[in-house]
Amino acid sequence: MMLKRALAYGLVLTGLAGSAVAAPQPSKPSKPTEADWRVPAPETVMVIETSRGRVLVELVPAVAPGHVARLQELTRAGIYDGRTFFRVIDRFMAQTGDPKDTGDGGTDKPNLKAEFTFRRDAATPFTPVAAPAGLEVGLIGTFPVVSQNWSWHEVTSDGKVAAWGTYCPGVVGMARDEDNNSANSQFFLMRQPYPSLDKRYTAFGRVISGLSAIRAIKTGEPVPVPQDRMDRVRLLSDIPESERPKVRVIDPKGPWFTAEVRRVRALKGADFSVCDLDLPVEVR
């Protein structure tokens, strides 16, 4: 099961003479208060002890319930313990989760039906940060989402709109073969943004701590002698209370985040992207 590489394009703003335009740097918002934090549900946090350090991934059942359930099931079964990062591409992603550690394997579980998009309704905890060209872009927790504008719900048969995860750094997606419905156990973690993967591979979570560890993994297609691995993978809820890390992240519904969005939008101007938003996390 291989994740095919795709192309991504970036834009650079320059002045009339071709030199970069300097702009005033907006000030950082004040320190978050207690009301600005949220505590993720422990059953949705994967604690991945890698050879490069600890990585925390928050799973998002609202966007891909089948894939989240599979990751939780395989994590609890110990399938991911000792798995190598066998395909790692700089400025792209790190792939793992194959019981054979080759990219050709999977489990005896049935393959998953693709969940490239989901239906967003009024109850979906979506925080918009931009509205480009009839769309809305925002976050569900830490997870970046692109959606049809909510106004379209008035003309849809189910009163909902289509939405999908967008591949910012840290987003976790499921690897598959040519068949859209062939994902099984292998997944990948984004080292850099790659929006050309949107709606082509199921995205279901995001790294909330430890992205530097993912970016430090040895690269290769495949890695000649894979040495980087997931030594142990557990759900936060399954770790004994005395050993369990205490995790909280900034709530996009809070006032600190609202101020931060204003700051980053002013800083980036027309280049603003939801991938530019970095939500603080505390792990104790």
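What you see is a predicted model; the values in this text were computed from it and never measured. (Residues numbered from 1 in each chain as written. Predicted model: local features only at pLDDT ≥ 70, side-chain atom pairs only at ≥ 80, totals over all residues. Heavy atoms only, no water.)

**As for the environment of Thr107**
- Mapped onto the elements, Thr107 comes out in the loop between strand S6 (93–96) and strand S7 (118–120).
- Expressed as a C-alpha distance, the spacing of Thr107 and Val274, which sit 167 residues apart in the sequence, is 35 Å.
- Not counting the four nearest positions on each side in its chain, Thr107 is found in contact with Leu74, Ile79, Pro99, Asn184 and Ser185.
- Within the structure, Thr107 has its side chain in polar contact with the backbone nitrogen of Lys109 (distance 3.1 Å). (Helix = DSSP H or I, 4+ residues; strand = E, 2+ residues; numbered from the N terminus. Contact = heavy atoms within 4.5 Å. Polar contact = N/O pair within 3.5 Å; in protein donor to acceptor, adjacent residues only side chain to side chain.)

**A few points about the sheet that holds strand S11 (residues 161–165)**
- If you walk across this open sheet you meet the five strands as S7-S11-S10-S9-S8, and the pairing is antiparallel. A strand with exactly one partner marks an edge of an open sheet, and here the two such strands are S7 and strand S8 (126–130). Mean inter-strand twist for the sheet, computed between neighbouring axes without regard to direction, equals 40 degrees.
- Across six bridges, the pairing between strand S9 (residues 135–140) and strand S10 (residues 143–148) is antiparallel. Paired with Leu139 across the two strands is Pro144, which belongs to S10.
- Each of S8 and S9 touches helix H3 (residues 255–268); the most contacted strand, S8, lies at about 25 degrees to it. (Pairing = 2+ DSSP bridges. Axes fitted to C-alpha atoms, helices over the stretch in contact; angles between N-to-C directions.)

**Quick look at empty space enclosed by the protein**
- For the structure on display, the rule yields one cavity of 30 Å³ or more.
- Taken as a whole, the largest cavity spans an internal volume of roughly 40 Å³.
- Taken together, Val63, Glu115, Phe116, Thr117, Phe118, Trp164, Gly165, Tyr201 and Ala203 form the lining of the largest cavity.
- Classifying every residue of the lining of the largest cavity by side-chain character gives six nonpolar, two polar and one charged. (1 Å grid on protein atoms, 1.4 Å probe; cavity = no way out; pocket = protein on both sides within 12 Å on 5 of 7 lines; lining within 4 Å. Points joined across faces, edges and corners; volume = space filled by probe spheres on them. Nonpolar A, V, L, I, M, F, W, Y, C, P; charged D, E, K, R; others polar.)

**Structural notes on unusual backbone geometry**
- The omega torsion across Glu221 and Pro222 is 0 degrees, close enough to zero to call that bond cis.
- Of note, Pro222 is situated in the loop between helix H2 (211–215) and strand S15 (229–235).
- Even without being glycine, Arg91 reaches a positive phi, approximately 60 degrees.
- Phi at Asp101 takes a positive value of approximately 60 degrees, unusual for a residue other than glycine.
- Position of Asp101 relative to the elements: it lies in the loop between S6 and S7.

**Concerning the state of the cysteines**
- As enumerated under the stated definition, the model contains one disulfide in all.
- Two residues share a disulfide in this structure: Cys168 and Cys275, whose sulfurs sit 2.0 Å from each other. On the sign convention where negative means left-handed, the S-S torsion of about -85 degrees between Cys168 and Cys275 marks this disulfide as left-handed. One end of the pair, Cys168, is in the loop between S11 and strand S12 (171–174); the other, Cys275, is in the loop between H3 and strand S17 (281–283), and 107 residues separate them in sequence. (Disulfide = S-S within 2.5 Å.)

**Remarks on the packing of aromatic side chains**
- Considering all chains together, one arrives at four aromatic pairs under this definition.
- An angle of 85 degrees between the planes, with centres 5.2 Å apart, marks the rings of Tyr80 and Phe187 as edge-to-face. Residue Tyr80 is located in the loop between helix H1 (65–76) and strand S4 (83–84), and its partner Phe187 is located in strand S13 (residues 187–190); the two are separated by 107 residues in the primary sequence. With respect to class, Tyr80 is no different from Phe187; both count as buried.
- Pairing Phe92 with Tyr194 gives two aromatic rings, centres 4.3 Å apart and planes at 50 degrees, and the pair type is tilted. Taken together, the residues Phe92 in the loop between strand S5 (87–89) and S6 and Tyr194 in the loop between S13 and strand S14 (203–209) connect sequence positions 102 residues apart.
- Residue Phe92 is classed as buried on the basis of its relative accessible area, which comes to 0%.
- When the ring centre of Trp164 is taken as reference, the NZ or CZ atom of Lys199 above it lies at 4.1 Å. (Phe/Tyr/Trp six-rings, centres within 6.5 Å; stacked < 30°, edge-to-face > 60°. Buried < 20%, exposed > 50% of the residue type's maximum accessible area, 1.4 Å probe, protein only. Lys NZ or Arg CZ within 6 Å of the ring centre and 35° of its normal.)

Distances and angles like these do not, on their own, reveal function.
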